[in-house]
Amino acid sequence: MTYCIPEISEQASLELDDSLRIGRGNKRDCYMHPKDAGQCIKVARHQDRWEECQEQSIVEWYYINHLKARCVPLTHLIDCYGWVNTQYGAGLVMERIQEDSGVSALTLRQAIQQGRLNRHQAHDMLNELKAWAIKYAIVIADLNAANLMVRPGDGERGASLVLVDGVGSRRPDWKFTLYQHCLPFSRMKTRRQWKRQIDSLL
Ligand SMILES: Nc1ncnc2c1ncn2[C@@H]1O[C@H](COP(=O)(O)OP(=O)(O)OP(=O)(O)O)[C@@H](O)[C@H]1O
Ligand SMILES: [Mg+2]
């Protein structure tokens, strides 16, 4: 199976100006959607390595749709809405994690650095995330504290961790296809990633 970005060249292009940028990773820039503050748009950060920079967005698009088809609750994952045209090329529209005031939520790394979460709280939240990932056989392929964001609680539920990157696979390749068809293999991948990364998270 090949994985690709759907045809969107007919769409008008959205202008993403610098004031809308809310995050930057190694491969993608994350902008607030100019027409909906509840959504963000992820675009390739390096135009000379555009295809490589889009790989994680392609994986997320297929994987989140796959999870929805399996009726998996997206408790610790952002929702994904589709693709739009931007001046940086195709961008993936996703749910934006924000605080009640509308400012961007913190990554786990920022929350620990700023003393908003202590290690004990972070440890409990990570355990909850892991239990969900193992229960539903979610592939976590890049577990790090900048790929997790803190979703504020809503009165009934306390704050929780949300995966904003690094799910499904590292690349849209044969392993990604296998993860979607062989759930024990997915669980094995997540358990292994957890063992390798958990100490560096805290
Ligand atoms: N859904 C979201 N809501 C709010 N902010 C987000 C969201 N997704 C990403 N961000 C912000 O943008 C940053 C970069 O996004 P992301 O991790 O997806 O980029 P990346 O290039 O794929 O990362 P990496 O360097 O791990 O490959 C995050 O660390 C976070 O600060
Ligand atoms: Mg990241």
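Located above this text is the structure these notes cover.
Read on for an overview of the structure. Every value quoted in this text rests on a predicted model; they were computed, and no experiment measured them. (Residues numbered from 1 in each chain as written. Chains lettered and ligands numbered in written order. Predicted model: local features only at pLDDT ≥ 70, side-chain atom pairs only at ≥ 80, totals over all residues. Heavy atoms only, no water.)

**Details of the coordination of the magnesium ion (ligand 2)**
Then, number 1: The protein atoms that coordinate the magnesium ion (ligand 2) are Asn 147 (OD1) and Asp 165 (OD), at distances of 2.0 to 2.2 Å. Highlighted residues: Asn 147 in the loop between helix H3 (119-135) and strand E6 (148-151) and Asp 165 in the loop between strand E7 (160-163) and helix H4 (174-181), separated in sequence by 18 residues. Just as Asn 147 is buried, Asp 165 falls in that class too. (Donors = N, O, S within 2.8 Å, 3.2 Å for Na, K, Ca; no water. Helix = DSSP H or I, 4+ residues; strand = E, 2+ residues; numbered from the N terminus. Buried < 20%, exposed > 50% of the residue type's maximum accessible area, 1.4 Å probe, protein only.)

**Observations regarding the pairing of strand E3 (residues 36-44)**
Then, number 1: By the bridge criterion, 6 bridges tie strand E2 (residues 28-33) to E3 in an arrangement that is antiparallel. Bridging across to E3, His 33 finds its partner in Asp 36.
Then, number 2: Inspection of the sheet shows E3 paired to strand E5 (residues 89-95) by 4 bridges, in the antiparallel sense. Bridged to Ile 41 within E5 is Val 93. (Pairing = 2+ DSSP bridges.)

**Topic: the sheet that holds E3**
Then, number 1: Read from one edge of the open sheet, 5 strands run E1-E2-E3-E5-E4, paired in antiparallel fashion. The open sheet terminates on both sides in strands that have one partner only, identified here as strand E1 (21-24) and strand E4 (80-86). Within the sheet, the average angular offset between the axes of one strand and its neighbour, ignoring direction, is 30 degrees.
Then, number 2: Judged from the 3 bridges that link them, E1 and E2 form a sheet pairing that is antiparallel. Residue pairing in the sheet places Arg 21 in a bridge with Tyr 31 of E2.
Then, number 3: Where helix H1 (residues 50-69) meets the sheet, it contacts E2, E3, E4 and E5, and its direction lies at approximately 150 degrees from that of E4. (Axes fitted to C-alpha atoms, helices over the stretch in contact; angles between N-to-C directions. Contact = heavy atoms within 4.5 Å.)

**Looking at the site of ligand 1**
Then, number 1: Asn 26, Arg 28, Lys 42, Glu 95 and Ala 146 are the nearest of the 21 residues found near ligand 1.
Then, number 2: Ile 97 places a polar main-chain atom, nitrogen or oxygen, 3.0 Å from a nitrogen atom of ligand 1.
Then, number 3: Within the side chain of Asp 165, an N or O atom sits 2.9 Å from an oxygen atom of ligand 1.
Then, number 4: Summarising the interface, the protein chains cover 90% of the accessible area of ligand 1, which totals 630 Å² for the free molecule.
Then, number 5: When contributions to the shell around ligand 1 are tallied by element, the ones reaching two or more residues are E1, E2 and E3. (Near = heavy atom within 4 Å. Polar contact = N/O pair within 3.5 Å; in protein donor to acceptor, adjacent residues only side chain to side chain. Areas by Shrake-Rupley, 256 points an atom, 1.4 Å probe, with all protein chains shown as cover.)

**Topic: helix H5 (residues 183-201)**
Then, number 1: Look at H5: 25 Å from first C-alpha to last across 19 residues, which is about the 27 Å you get at 1.5 Å a residue.
Then, number 2: When we look at burial in H5, the residues that qualify are Ser 186, Thr 190, Gln 193, Trp 194 and Leu 201.
Then, number 3: At its buried positions, H5 is contacted by helix H2 (108-113), H3 and H4. (Expected span 1.5 Å × (residues − 1).)

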